[in-house]
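Next come the chains, spelled out residue by residue.
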Amino acid sequence: MLSAAFIRDNLERVRADLAARGADAPLDEIVELAARRGALLREVEDLRAERNAASKAIGATKDAAERARRIEAARALGERIGGLEERLREAASALDERLLEVPNVVDPDTPRGADESGNVVVREAGERRAFGFAPLPHWELGERLGGLDLARGARMAGSRFFVLRGGLARLHRAMIQWMIDAHVEAGFVEHYLPYMLTEESFRASGHLPKFRENLYRDEEEDYLFAPTAEAPFANLYRGELLPPGALPQRLVAHTPCFRREKMSAGRDTRGIKRVHQFEKVELFVYCEPEESGAELEALLARACALAAALEIPYRVLRLCSGDLDFKAATGFDVELWAPGAEEWLEVSSVSNTRDFQARRANVRYRPEAGAGARFPHLLNGSGLGAPRTLIAIVEHYQQADGSIAVPAVLRPYLGGRERLEPEPPPA
C-alpha cells in the first residue's frame, strides 16, 4: 500500500506510474480525503484539549451556578467532539478503501510498455532439441500415454479441469517433490499453509479489491481460495513486529492454486496451460530494504537453476510496466520452451513488492535493539508452476514411439525409472 502522505508528496510520480501501467486510481479523491481527515483530526484534538481544560476548571469552581453552567458547556463540547469523531472515522475509512485501489509504484529501471509485448528478453539459455519427427503437443501426447484425461475432468468439474493418471501423475508428483527438496537444500524453510483465507487476508496481500473476479469463494463463510501461496505467505506475520535478527526469512511451500481463468474464445483453450485448479511451488522472502535487490536476483537464479537442471531451453524476460502485477514494483518471468505447441510457457514470475505488501499487512521489524520499527521488503517467485513445467517436460522429452524420457534429475523420485511408456486406458 502506498501511504496517503507518499501519494500527496509524489503525486506526479504516482500519476506517471499509473499511466505506465495503463491503470487508474482515485488519486485526487485520496488527496482530498487525506486533507479532510487531517483537518478533522486537528479540530478534534483542539476540542479535546479545550474539554480537558474545561474539566479542570469545573473541578476548581466553587459557585454552584457557575459550576452547572460549565458542566453544560462541557457536555455540549463533548457532543461536538462526538460528531466530529464520527466524521473523522468516515473520512479515514473512505481514505483506507481508496488507498487499496492504488497499485505499487514502478521502479525507474523497469521498461515502459503497454502490455506483455513490451517485455524485454534478457537472455535465452539452452538449445532447442532437433527432432527426427514432428513433435506433438502435450494434449495429444498425454492421451497417447493414457495419462491425461481432459474429457473426464470436464465431465466431473466442467471445462478447464483435468485428470492425470499412472506414470504422468507420478511424474507430476515427482517434479513437485524435487522442486521442494532443491529449495530446502538451498536454505528455504518449508511451510504447510492454509488453502483458504479471509477477505482481510486478501486485502493485506494486495489481491483485493483488484482481483476479486479471479478468486473462488465459499458461499457460506468468509473464505476465498488462494490463487497462489503468495497470499498466505504475505499474511504470515500480519500485524507483528519482528525482533532484531529475524530477517531475512526465505520460505517455500507447495500448494494447490485456484483461479478463474478469463480467456478469449480459442485462446489457450486446449490442454492444461490455463486451468482453474493447479499446483505450484512458491518462494517468498522477507528482508531488509537494502537487501531486496540482491534477494530478487537470488529468486530469479533459483527459478533458472531448476529450468537448467531439467535441461530444457528457457528464457528470462524483464517485465514492462504494463505487464507488472498490481503489487510489484519490478519483476521477471522465466519461460520454458514447449516444442510441441511451439511456444514459450511462463513457469515462474519473480517480483519485488518493496514495502507495498508489508504496509498493507502491517508487518514491521526492528533492525536492532532500541531502533525504530521499519517495514521489510517482501518478494515472491514461482519455483516452479507445475502444469506448465509438466507440459514442457512432456513435449521436450517425447520420443518417436510415443513414450516420454524422464529427465535425469527426476529419475530418483520415480524409483530410477527412465521412461514413461503408453499405458492401457481405464476400463
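Check the entry above for the structure.
It should be emphasised that the depicted structure is a prediction, and the values quoted were computed from it without experimental measurement.

Novice: Before we move on, can you summarise the packing of helix 7 (residues 166-185) against helix 10 (residues 292-309) with the specific residues and values?
Specialist: Contact geometry of helix 7 with helix 10 gives a least axis separation of 11 Å together with a crossing angle of 130°. Classed by the angle they form, the pair helix 7 and helix 10 counts as oblique. Once helix 7 is placed against helix 10, the crossing between them reads as right-handed. Here Trp178, Met179, Ala182 and His183 of helix 7 come into contact with helix 10, specifically with Arg302, Leu306 and Ala309. Grouping the constituent residues of the contact of helix 7 with helix 10 by class yields 5 nonpolar, 1 polar and 1 charged.

Novice: Summarise the pairing of strand 9 (residues 277-287); cite the residues concerned and give the values.
Specialist: With 9 of its 11 residues buried, strand 9 lies for the most part within the structure. Summarising the sheet, strand 8 (residues 249-258) and strand 9 pair through 10 bridges and their orientation is antiparallel. By the bridge assignment for strand 9, Leu251 is matched with Phe284. As defined by bridge partners, strand 9 adjoins strand 14 (residues 377-385) across 7 bridges and the pair is classed as antiparallel. Note on strand 14: the bridge partner recorded for Phe284 is Asn380.

Novice: I'd like a description of the nonpolar core, backed by residues and values.
Specialist: The biggest cluster of nonpolar side chains holds 57 residues, and the ones touching the most others in it are Leu168, Leu171, Val334, Leu390, Ile393 and Leu410. Take this core: its biggest share by element is 9 residues, from helix 7. The next biggest cluster of nonpolar side chains, apart from the first, holds 19 residues, and it includes Ile7, Leu11, Leu27 and Val102.

Novice: Describe unusual backbone geometry, and please don't skip the residues or the numbers.
Specialist: Residue Pro248 is bonded to the preceding Leu247 through a cis peptide linkage, with omega at 5°. Along the chain, the position of Pro248 falls in the loop between strand 7 (241-242) and strand 8. Omega for the peptide link from Gly383 to Leu384 comes to 15°, which places this bond in the cis form. Mapped onto the fold, Leu384 is located in strand 14. Even without a glycine there, the phi angle at Arg160 is positive, about 70°. Secondary-structure assignment places Arg160 in the loop between helix 6 (150-157) and strand 3 (163-164). We note that Arg354 has phi near 55°; this positive angle belongs to a residue other than glycine. Looking at the element boundaries, Arg354 is found in the loop between strand 12 (343-352) and helix 11 (356-361).

Reading guide: rules and limits
Residues numbered from 1 in each chain as written. Predicted model: local features only at pLDDT ≥ 70, side-chain atom pairs only at ≥ 80, totals over all residues. Heavy atoms only, no water. Axes fitted to C-alpha atoms, helices over the stretch in contact; angles between N-to-C directions. Helix = DSSP H or I, 4+ residues; strand = E, 2+ residues; numbered from the N terminus. Parallel < 35°, antiparallel > 145°, perpendicular 65-115°, else oblique. Left-handed = near helix turned anticlockwise from the far one by under 90°. Contact = heavy atoms within 4.5 Å. Nonpolar A, V, L, I, M, F, W, Y, C, P; charged D, E, K, R; others polar. Buried < 20%, exposed > 50% of the residue type's maximum accessible area, 1.4 Å probe, protein only. Pairing = 2+ DSSP bridges. Core = buried A, V, L, I, M, F, W, Y, C linked by side-chain atoms within 4.5 Å.

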